[in-house]
Amino acid sequence: MSRPAATPGTQAASPRAHDAGLLVLRLALGLTMAAHGAQKLFGWFGGGGIDGTGQFFAASGYPSPHAFAVVAGLTETLGGLGLALGLLTPLAGAGLLGTLVNAIAVKWGGGFFAPAGIEYELFLALAALAVTLTGPGAFAADRLLPGLRAHRFSYGVAAAALGVVVAGATLSLRN
């Protein structure tokens, strides 16, 4: 699909500007989420590690809390690094979206604004959804993969739906 032409008196943004903007968004979101995953897995950056995160999952009503801590930590770390690199972008974004839907559900009821609210998690979830739907841009490892070289909106929609369905299934296991 071609981009609309600029209206008289304006200039259309260049494709490189969009690609650069997507790179900045991917790096910020991806590295932020990878750091959150490292907190869960390794206790880095003041995190609780597997044991502390497992205790949080137990208090939040998840069965097998240590297993959920590992899954959440791996999803955030690998999904975050995948987004930062632009590697398997639809799946990386979907994984982060699903994890963040769970985070929002756990914090629900604390209002919108931090520290108890969901604004931070909601912003990250919507940013993950935006990249999942939009694709990684030209400055991405996906450009080296034949099946993902040309991002299709349908890939993003399918991946986002998968992330939400898996999040819903995970939430249904909570006590």
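Because the structure is predicted, anything quoted here is derived from the model rather than measured.

Q: Is there a simple way to explain the packing of helix 1 (residues 15-42) against helix 5 (residues 119-134) in this structure?
A: How two helices pack is summed up by the angle between their axes together with the distance between the axes. The N-to-C vectors of helix 1 and helix 5 enclose an angle of 130°; their axes lie 11 Å apart at closest approach. Taken together, helix 1 and helix 5 sit at an angle that is classed as oblique. For the pair helix 1 and helix 5, the crossing hand works out as left-handed. Residues Leu-22, Leu-25, Arg-26, Leu-29, Thr-32, Met-33 and His-36 of helix 1 touch helix 5, and the partners they reach there are Tyr-120, Leu-124, Ala-127, Ala-128, Val-131 and Thr-134. Broken down by class, the residue content of the contact of helix 1 with helix 5 amounts to nine nonpolar, three polar and one charged.

Q: So what exactly am I meant to see when it comes to the packing of aromatic side chains here?
A: Any two aromatic rings considered together are summarised by their centre-to-centre distance and by the angle between their planes. Counting across every chain of the model gives seven aromatic pairs. Ring plane angle 15° and centroid distance 6.4 Å describe the contact between Phe-57 and Phe-68, whose orientation is recorded as stacked. On the criterion of sequence distance, the pair formed by Phe-57 in helix 2 (residues 49-59) and Phe-68 in helix 3 (residues 65-85) is long-range, its members being eleven residues apart. We note that Phe-57, like Phe-68, is buried. Geometrically, the ring pair formed by Phe-112 and Phe-113 is edge-to-face, given 5.0 Å between the ring centres and 85° between the ring planes. The class for Phe-112 is partly exposed, based on a relative accessible area of 42%. Accessibility expressed as a relative area gives 59% for Phe-113, which makes it exposed. Following the ring pairs from residue to residue traces out a cluster consisting of Phe-56, Phe-57, Tyr-62 and Phe-68.

Rules used in this analysis
Residues numbered from 1 in each chain as written. Predicted model: local features only at pLDDT ≥ 70, side-chain atom pairs only at ≥ 80, totals over all residues. Heavy atoms only, no water. Axes fitted to C-alpha atoms, helices over the stretch in contact; angles between N-to-C directions. Helix = DSSP H or I, 4+ residues; strand = E, 2+ residues; numbered from the N terminus. Parallel < 35°, antiparallel > 145°, perpendicular 65-115°, else oblique. Left-handed = near helix turned anticlockwise from the far one by under 90°. Contact = heavy atoms within 4.5 Å. Nonpolar A, V, L, I, M, F, W, Y, C, P; charged D, E, K, R; others polar. Phe/Tyr/Trp six-rings, centres within 6.5 Å; stacked < 30°, edge-to-face > 60°. Buried < 20%, exposed > 50% of the residue type's maximum accessible area, 1.4 Å probe, protein only.

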